[in-house]
Amino acid sequence: MTGGGAVGGGMTGGGMVGGGMTGGGMVGGGMTGGGMVGGGMTGGGTAGGAAPICMPACADWALCSRLIDGGAGCEAGVLAVSAPTEGSTYSVRELVPVSATLTLASGGAWPVSISIPVSTSWGARAVIDGGVDGGLLGSADAGMYRVTFGWDAGPQNVERSVSFTSCESARCQAWQQCVPTVSGGQCENLSLTVSVTTPASDGTATRSTMQQFVVRVVSADGGRLPTEVPVVGPGQNAAVQKDMASPNTYTMMLTLGAPDAVKTYVVGWPDSGVPTLSVTRSLTYDGTAPGVVVEVQTPPVRQSSEQDPAAMDVWKKDEAALVAVRVTDTTSPIDPVTTAMVMAPGGGLVTSAMGQCSMCAAPAMNALVGCFCFRADLSRTPMLAARGTATVTVTGVLDRLMNASAAVQSAPFTVTRFKWARTFNGAAAGVQPLAVGDGGVVFAATREPSSGRVMALAPSGAVLWETSDAGIITAGPAVGAAVWVGTQLGIETALTPLSPTTGLAGVRACFDNVTGAAFEGDLVVAPLRRLGVTAEGALGVRAGIDEVFAGAASCGSVSGLVATTGTPLLAARPTAGNAIEVFANRGGTSPLTKQSFDNVWAGNGSVTFQVGIGSLVSLLTGPTFVGGGGGVPASGFVTLFGNGVGSGISGATVLRVPANGPPTNEEPYSPVSMSVSHLYAGNASGALRRFAVSSGALTGTTDGATGLGDISKTTPVLGKGGFTYVVSTGGAVSEVAWAGSSGAGTARWTFAGLFPAPSSLGQPALDVVRDGAGAAQCGRGIGVFYVPSVRLGVATVTAVIVDSPGLEPLAPWPKYQRDNRNSGFADSTSPGVCP
């Protein structure tokens, strides 16, 4: 208690006395300086003796120690900062780690817990426990800052410099990324490559109003990819969006629209100046069909004989018009125009005629311009008149994108039925019936005061040959292997065969020379058998002589015609024994005779009717034939049937329509023609009458078409398709259609003014239209109606295009002398050309 125990080191020396309550105890080294802290329990307490006493008391960062100046004093601790490190960088508002410890100067641990204050230059403060990690909320603004540890009053302040970075001040473009800096951020280009995969290449063409764009973006360093990529172009300022299923792919649909053009789009960021960050893609948009102009060319220059007298420079119904189709497209290449795109009037045939249209004179075509030439058949042009208008329609013309044009029509153009009119040389007193031979060659003959002419015309109207040295033409022509005509040269009367190809006369079948006894009326061309040899010959009747003459294989005659006046009417048919039967009369009240020829003539009967017979019609099969009135007042119509082959006709049953008196007061009637069910005749009152026939007999049923002019001079012609053709003395051709098997007829059209007021008309003919080689074109559905006439001494053959492709093939007697050859011979051969 005194020296070192209770006295010296205890209560006295270091205890209560020396270091106790006074010197080093509770005051100097006790609780404060050397007691509990500085030298108390530790430094100078029980271990070291009495605690030192420091006056005034030491700060929190110091300990009271007697090692200082030989006495008690405050010893500062050593402050060490472990976090943050000097120059550390953080993002704004990032938590900054702070950690520090206070140690004894000797390096020993601070004996007691210590709270270390922390302050910052951005205003954040904290108190941390020594050796315990803590944190401070970083600055909200980028910049350079300080973190200070310790106590402002002491020498123990420790500072650390830190930086805060951000991108708040940076305004980066879409192709850039911000690198945070203490100044608020720095923009740097992304390492990207932009490419377009759809459309796959420049020049891709489309007619769709929606076009998919597919963009691929690749980052060279695996960095960030943009969420969208801009696309700028015509009518477009949008962005392709990232495809979530494919991170490098961006897709969008572009809306395209007028005008058609090559449209270029920029994808990405061209303003960056970095080539890899943008790409262009051009595509051709064409949503418009090509422009189409359809022009029908003016017909070629025609000779006067080919000109329609009332419509110059027009196309004809049997021709194919030249049509130019000019196509332009501002954007896409055009496809060729095909025949399937061109529609001729009425659906006629269209064929290519490249190089033939004058409107397409420049044959060169580029990808966007073309001119195509076609021939459009006009044969099916709907025409219920002598002339009509037509158009050619072109539709479905394509460009390479399959844009199709709508229907484009040509301007209306005139189509005529007039084909040609060919005049003869010489002053004609009359014309003979027309005949048509092989290849559609038309044989026409004129009567002149002292001579006659025969002319062969091609279907085109071209003159093939003409002869005027055979003599006066008094009958015919009738065509077989030769062109047979009745001639009179001086006092010589003959049946003369002419070559169909040259017109040269063959060996005449000459008869006795009686001046004025020339052949007249009808001729018949038939196979004649003489002494076992069969050869073609002609049959005819001479003026003033009541005999039928046969010439060629043999020459002979037979009596039997009683009357000597009137025009002879003649028809023939074969018999079962290869002979021929010939029916003849002179009209009026002359008797009808039936003769047969087989090596020699044999007469087998004649009969005189109560009324005269103006013309004869022979059916193709069976024993029945029909006679009809023609030009004789009150003649009426009669039918004979039941007369067997080889038998006489004196007992034949005769029927007359009506039973009491003539059928009408319209007589005289024209010569007649016959279908399988009707007999046809025209009259001077302008009526075409159709009399029903059943089992070869007239039934009394009559149909008619009226208002046709005087049509009593020529035989009605029955055309294929149910049309009947008549010629008036006023120079008009009419096409009549019938309302079924029993019904009135109406004129579908009338072509007037063809040969005004002719002084003479010949029997017409009807042939199918033919090509340049003379081949029948049955499929075109049209024909040519030929009419011979004389006006003021000029003989003319006029050709009119009609709606029947030739004669009605089922009719037994569809025209004058049955067929186009005027054979007058009712064999089994169909009189029509087209089936």
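This structure is a prediction, so every number in the text was calculated from the model and none was measured.

**Some details on the sheet that holds strand β22 (residues 315-316)**
Pairing in this open sheet of 3 strands is mixed, and the strands run β22-β30-β27 from one edge to the other. In the strand order of this sheet, the two ends are held by β22 and β27 (387-390), each with one partner. With 2 bridges connecting them, β22 and strand β30 (residues 413-416) associate as parallel partners. When the sheet's bridge partners are listed, K316 is paired in β30 with T416.

**Here's the deal with the side chain of R417**
The residue R417 is located in the loop between β30 and β31 (418-423) in this model. What makes R417 buried here is its relative accessible area of 0%. At a separation of 2.8 Å, a polar atom in the side chain of R417 contacts the main-chain carbonyl oxygen of A385.

**As for the pattern of salt bridges**
Once the charged atoms of two side chains with opposite charge are near each other, the side chains can pair. Scanning the model with the defined rule gives 22 salt bridges in all. For R93, the salt bridge identified is with E168, shortest N-O distance 3.4 Å. Pair noted here: R93 is in the loop between β4 (88-91) and β5 (95-103) and E168 is in the loop between β10 (158-165) and β11 (176-179), with a separation of 75 residues, a long-range link. Residue R93 is classed as partly exposed on the basis of its relative accessible area of 48%.

**A look at the environment of C778**
Position of C778 among the secondary structure elements: in the loop between β62 (765-768) and β63 (783-791). Judged by its relative accessible area of 30%, C778 is partly exposed. Ignoring anything within four residues of it in the chain, the contact list for C778 reads V768, P805 and C834.

**Thoughts on the nonpolar core**
Counting 31 residues, the largest nonpolar core has V325 and V337 as the members making the most contacts within it. If you list the elements that add at least two residues to this core, you get β21 (291-296), β23 (320-328), β26 (369-377) and β30. When residues in this core are grouped by element, the largest group, 6 residues, is from β23. With near-sequence residues (within four places) excluded, V325 lies in contact with V292, V293, V337, G370, C371, F372, F374 and V394.

**Focus: the sheet that holds strand β8 (residues 134-137)**
Strand pairing in a sheet takes place through backbone hydrogen bonds and is either antiparallel or parallel in direction. Read across the sheet, 3 strands follow the order β3-β5-β8 without closing on themselves; strand pairing throughout is antiparallel. In this open sheet, the two strands that pair with only one neighbour each are β3 (78-83) and β8. Taken pair by pair, the neighbouring strands of this sheet meet at an average axis angle of 35 degrees, ignoring direction. Two strands pair when backbone bridges link them, and β5 and β8 are joined in this way by 4 bridges, in the antiparallel orientation. Its bridge partner lying in β8, V98 is registered against G134.

**Regarding the environment of V215**
For V215, the location among the structural elements is in strand β15 (residues 210-219). For V215, a relative accessible area of 0% gives the class buried. Each C-alpha atom of the pair V215 and V267 lies 8.1 Å from the other, and the pair is 52 residues apart in sequence. Excluding anything up to four places from it in sequence, V215 contacts V194, S195, V196, V240, N248, T249, Y250 and V267.

**Let's talk about the state of the cysteines**
Using the criterion set out here, one finds 7 disulfides in the structure. Residue C360 pairs covalently with C371 via a disulfide, S to S 1.8 Å. Its S-S torsion of about -60 degrees marks the bond between C360 and C371 as left-handed, since a negative value means left-handed. Residue C360 is located in the loop between β25 (350-352) and β26, and its partner C371 is located in strand β26; the two are separated by 11 residues in the primary sequence. C360 sits in the buried class, given a relative accessible area of 11%. For C371, a relative accessible area of 13% translates into the label buried. In this model C778 forms its disulfide with C834; the gap between the sulfur atoms is 2.0 Å. Taking the torsion about the sulfur-sulfur bond, which here is approximately -85 degrees, the covalent link between C778 and C834 counts as left-handed.

**What about unusual backbone geometry?**
Here the amide bond leading from A83 into P84 is cis, since omega sits at 0 degrees, within 30 degrees of zero. In this structure, P84 sits in the loop between β3 and β4. The omega angle of the peptide bond from T198 to P199 is 0 degrees, so this bond is cis rather than trans. As for its placement among the helices and strands, P199 is situated in the loop between β13 (192-198) and β14 (204-206). Backbone geometry at M402 places phi at a positive 70 degrees, although glycine is not the residue there. One can find M402 in the loop between β28 (393-394) and β29 (408-409). Residue M402 is classed as partly exposed on the basis of its relative accessible area, which comes to 46%.

**What about the pairing of strand β42 (residues 533-542)?**
In this sheet, β42 lies alongside strand β41 (residues 519-530) in antiparallel orientation, the contact comprising 9 bridges. Bridge pairing links R530 to V533 in β42. Between the antiparallel neighbours β41 and β42 lie 2 residues, among them L531 with a positive phi of about 55 degrees. In terms of strand pairing, β42 meets strand β43 (residues 547-551) through 4 bridges, oriented antiparallel. Note on β43: the bridge partner recorded for G540 is F549. In sequence, β42 turns back onto β43 through a hairpin of 4 residues, with G544 there showing a positive phi of about 75 degrees.

**Let's talk about the pairing of strand β6 (residues 115-120)**
Regular strands place their side chains on alternate faces of the sheet. Sheet analysis places β6 next to strand β7 (residues 125-129), joined by 5 bridges and oriented antiparallel. If you follow P117 over to β7, its bridge partner there is V127. Between β6 and β7, which pair antiparallel one after the other, the connecting turn spans 4 residues, and G123 there sits at a positive phi close to 100 degrees. Strand direction decides the pairing type here: β6 and strand β9 (residues 143-149), joined by 3 bridges, are antiparallel. Bridging across to β9, T120 finds its partner in V147.

**Section: the confidence of the model for the protein**
Taken residue by residue, the protein gives an average pLDDT of 83. The fraction at 70 or more is 82%. Note that residues 629-635 has pLDDT below 50 and, in this model, 29 contacts with residues that lie over four places away or in other chains. The low-confidence segment residues 658-663, where pLDDT is below 50, has 9 contacts with residues more than four positions distant or belonging to other chains.

**What about the environment of P299?**
When you line up the elements, P299 lands in the loop between β21 and β22. Residues P299 and K316, 17 residues apart in the sequence, show an inter-C-alpha distance of 9.1 Å. For P299, the residues in contact, after removing those within four places along its chain, are D313, V314 and W315.

**Quick look at the packing of aromatic side chains**
Aromatic ring pairs are reported here in terms of the distance separating the ring centres and the angle at which the planes meet. Scanning the entire structure with this criterion turns up 11 aromatic pairs. Centroid distance Y90 to F164: 6.1 Å. Interplanar angle 40 degrees. Geometry classified as tilted. With a gap of 74 residues between them, Y90 in strand β4 and F164 in strand β10 connect regions that are remote in the sequence. In terms of burial, Y90 and F164 fall into one category: buried. For the pair Y725 and F785, a centre-to-centre distance of 5.6 Å together with 35 degrees between the ring planes defines the contact as tilted. Pair noted here: Y725 is in strand β58 (residues 723-727) and F785 is in strand β63, with a separation of 60 residues, a long-range link. A relative accessible area of 0% places Y725 in the buried class. Through a chain of ring-to-ring contacts, three or more aromatic side chains come together here, namely Y90, W122, Y145 and F164. Lying over the aromatic face of F549, R542 brings its terminal NZ or CZ to 5.1 Å of the ring centre.

Cut-offs and rules
- Residues numbered from 1 in each chain as written.
- Predicted model: local features only at pLDDT ≥ 70, side-chain atom pairs only at ≥ 80, totals over all residues.
- Heavy atoms only, no water.
- Pairing = 2+ DSSP bridges.
- Helix = DSSP H or I, 4+ residues; strand = E, 2+ residues; numbered from the N terminus.
- Buried < 20%, exposed > 50% of the residue type's maximum accessible area, 1.4 Å probe, protein only.
- Polar contact = N/O pair within 3.5 Å; in protein donor to acceptor, adjacent residues only side chain to side chain.
- Salt bridge = Lys/Arg side-chain N within 4 Å of Asp/Glu carboxyl O.
- Contact = heavy atoms within 4.5 Å.
- Core = buried A, V, L, I, M, F, W, Y, C linked by side-chain atoms within 4.5 Å.
- Axes fitted to C-alpha atoms, helices over the stretch in contact; angles between N-to-C directions.
- Disulfide = S-S within 2.5 Å.
- pLDDT = per-residue confidence, 0-100.
- Phe/Tyr/Trp six-rings, centres within 6.5 Å; stacked < 30°, edge-to-face > 60°.
- Lys NZ or Arg CZ within 6 Å of the ring centre and 35° of its normal.

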